[in-house]
Amino acid sequence: MKTCDPYISDESEYYVYAPSVLAKEAFYYVICAGHYLYKPGYFLVRNSYDSYLLLYVEEGSLLVEVDGQRKKAAEGNFVLLNCYEPHAYGTETGCRCLWCHLDGQGAAEYYRAIVGRLGNVFSIKKALPLVFKMKEIFEMFEPGAVIKEPLVSKYLTDMFTAFLLYAPENQTMGREVSEEIISYINEHFKEEITTELLAEHVGLSPFHFIRTFKKETGFTPHEYLVRTRIDMAKYLLKNTGMSVKDICFETGFSSESVFCSAFKKSSGMSPNSYRKNV
């Protein structure tokens, strides 16, 4: 389809799609996709458009306004916007962009994770395969093409995953620290573990380590350690005949009273009640 907007070149195209019920319930899906050449002076302001917008700047630059801030998206940048909220974008110089409006179960969580780490405008390493996926999604909606909704969902999931994995180097330190500590805790949770020991393990001060870990995971290191121990205790309560006391020490708690208190705080019930009723 061609747009009637005078600030969008005639060579631009877009397609609108009504996803199936299954796609809305189970997949990530696209509701419209386009390949636009924006002319200088184009600017769009919206209060809302129920979807998320993923855009890739092929040439030129785009100005993006979100949360009261204006950001520049240069050639090679991705833009990810929550269009449920007020937003605006345009160009003073002209630009060529691939874009799609998307949604699906879990899209909000992916959006928060990606933007929380990279911002609304970002570049990543190994971007070319993702650009190809965006082009393939766009081409699926051409007249006569077969739209394979599970494949569209896979491509979107691949892109979300890549955004989180292949961030610029200056964005990866926090993730690498968290992954290293999570791996260490999963292997050593039965042992006595302190925040100071974990910080030393990754070569950071305790203050910087706690802040970095919580930013990435949403938990302090101690909270994550306790959560890991409680999850293991739940498994043992449901799948073995071990006593509560034995489970307490098997999962790294210092005493049965400490274990029972932590378990009740986490699950709202005692270990024995969990074993009998859940």
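Chains are numbered independently. Their residues run from 1 in the order of the written sequence. Local features in a predicted model are, by the rule used here, given only for residues with pLDDT of at least 70; side-chain atom pairs are given and counted only at 80 or more, and totals for whole chains, interfaces and linings are based on all residues. Side-chain calculation: all heavy atoms of the structure are included, whereas hydrogens and water are not.

At least two bridges found by DSSP between two strands are what make those strands a pair. The helix count covers DSSP runs of H or I at least four residues long, the strand count covers runs of E at least two residues long, and both are numbered beginning at the N terminus. Ordered by their spatial adjacency, 4 strands build an open sheet running S3-S8-S5-S6, and the pairing between neighbours is antiparallel. Of all strands in the sheet, those bounded by a partner on one side alone are strand S3 (43–46) and strand S6 (69–73). Taking the axes of each pair of neighbouring strands and ignoring which way they run, one obtains an average angle of 15° across the sheet. Bridge count for strand S5 (residues 62–66) against S6 is 5 bridges, and the pairing is antiparallel. Bridging across to S6, Leu 62 finds its partner in Ala 73. Lines fitted to C-alpha atoms define the axes here, with helix axes fitted over just the stretch in contact, and angles between the N-to-C directions of these axes take values from 0 to 180 degrees.

This brings us to the side chain of Ser 9. Following the sequence through the fold, Ser 9 ends up in the segment before strand S1 (13–16). Apart from the residues within four sequence positions on either side, Ser 9 is in contact with Leu 37 and Lys 39. Note on definitions: a residue-residue contact is assigned when non-hydrogen atoms from the two residues lie within 4.5 Å.

The next point concerns the packing of helix H2 (residues 107–118) against helix H4 (residues 149–165). Between two packed helices, the angle of one axis relative to the other and the distance separating the axes together describe the packing. Contact geometry of H2 with H4 gives a least axis separation of 9 Å together with a crossing angle of 30°. Considering their axes alone, H2 and H4 lie roughly parallel with respect to each other. Here the hand of the crossing between H2 and H4 comes out left-handed. Packed against H2, whose contacting residues are Tyr 110, Ala 113, Ile 114, Arg 117 and Leu 118, the element H4 presents Thr 157, Phe 160, Thr 161, Phe 163 and Leu 164 at the interface. The residue inventory of the contact of H2 with H4, partitioned by class, reads 7 nonpolar, 2 polar and 1 charged. Reported orientations rely on four angle classes, namely roughly parallel under 35 degrees, roughly antiparallel over 145, roughly perpendicular from 65 to 115, and oblique for the rest. The sense of a crossing depends on the near helix, which, turned anticlockwise from the far helix by less than a right angle, makes the crossing left-handed and, turned clockwise, makes it right-handed. Throughout this entry, Asp, Glu, Lys and Arg are counted as charged residues, while Ala, Val, Leu, Ile, Met, Phe, Trp, Tyr, Cys and Pro are counted as nonpolar. The remaining residues, Gly among them, count as polar.

One open sheet accounts for 6 strands, arranged S1-S2-S9-S4-S7-S10; its pairing is antiparallel. Each having just a single partner strand, S1 and strand S10 (121–122) make up the two edges of the open sheet. For strand S2 (residues 28–38) and strand S9 (residues 95–104), the ladder comprises 10 bridges, and the chain directions are antiparallel. Along S9, the bridge assignment pairs Tyr 29 with Asp 103. Here H4 sits on the sheet and contacts S2, strand S4 (52–60), strand S7 (78–82), S9 and S10; the angle it forms with S2, its principal contact strand, is near 70°.

Pairing of aromatic rings covers Phe, Tyr and Trp, the last counted by its six-membered ring, and requires centre-to-centre distances within 6.5 Å; plane angles under 30 degrees mean stacked, over 60 mean edge-to-face, and any other angle means tilted. Summed over the entire model, instances satisfying the criterion amount to 22 aromatic pairs. Taking 5.5 Å as the distance between ring centres and 75° as the angle between the ring planes, the aromatic pair formed by Phe 263 and Tyr 274 counts as edge-to-face. Linking Phe 263 in helix H10 (residues 256–267) with Tyr 274 in helix H11 (residues 271–277), this pair joins segments that are 11 residues apart in sequence. Each member of the pair, Phe 263 as well as Tyr 274, is classed as buried. Among the aromatic residues, those joined into a ring-pair cluster are Tyr 14, Tyr 36, Tyr 38, Tyr 42, Tyr 89 and Trp 99. In this analysis the charged atom, NZ for Lys or CZ for Arg, is taken to sit over a ring once it is within 6 Å of the ring centre and within 35 degrees of the ring normal. Geometry around Phe 253 places Arg 229 over its ring, the cationic atom sitting 5.9 Å from the centre. The ring of Tyr 274 has Lys 238 sitting right over it, with the charged end atom 5.6 Å from the ring centre. Relative accessibility under 20% of the residue-type maximum defines a buried residue, over 50% an exposed one, and the middle range a partly exposed one, all with a 1.4 Å probe and only protein chains included.

The next subject is the confidence of the model for the chain. Looking at the chain, the pLDDT average stands at 92 and 97% of residues meet or exceed 70. For the chain, per-element mean pLDDT is lowest for helix H5 (residues 173–188), which scores 86, and highest for S7, which scores 98. A score between 0 and 100, pLDDT records how confident the predictor is in each residue.

This part covers the nonpolar core. Here, the term nonpolar core denotes a set of buried Ala, Val, Leu, Ile, Met, Phe, Trp, Tyr and Cys residues that are joined through side-chain atoms within 4.5 Å. Counting 35 residues, the largest nonpolar core has Val 30, Leu 54, Phe 78, Leu 156 and Phe 163 as its most contacted members. Mapped onto this core, the elements with two or more residues apiece are S2, S4, S7, S9, H2, helix H3 (128–140) and H4. Broken down by element, this core gets its largest block of residues, 8 residues, from H4. The contacts of Leu 54, once residues within four sequence positions are left out, are Phe 78, Val 79, Leu 80, Leu 98, Trp 99, Cys 100, Leu 102, Met 134, Met 159 and Phe 163. Ranked by size, the runner-up nonpolar core spans 25 residues in total, among them Tyr 14, Cys 32, Tyr 36 and Tyr 42.

With respect to the helices, strands and loops of the structure, Tyr 42 is situated in the loop between S2 and S3. For Tyr 42, a relative accessible area of 7% gives the class buried. Between the alpha carbons of Tyr 42 and Asp 5 there is a distance of 9.0 Å; along the sequence they are 37 residues apart. Non-local contacts of Tyr 42, meaning those with residues more than four positions away in its chain, are made with Asp 5, Tyr 7, Ile 8, Tyr 89, Gly 90 and Thr 91.

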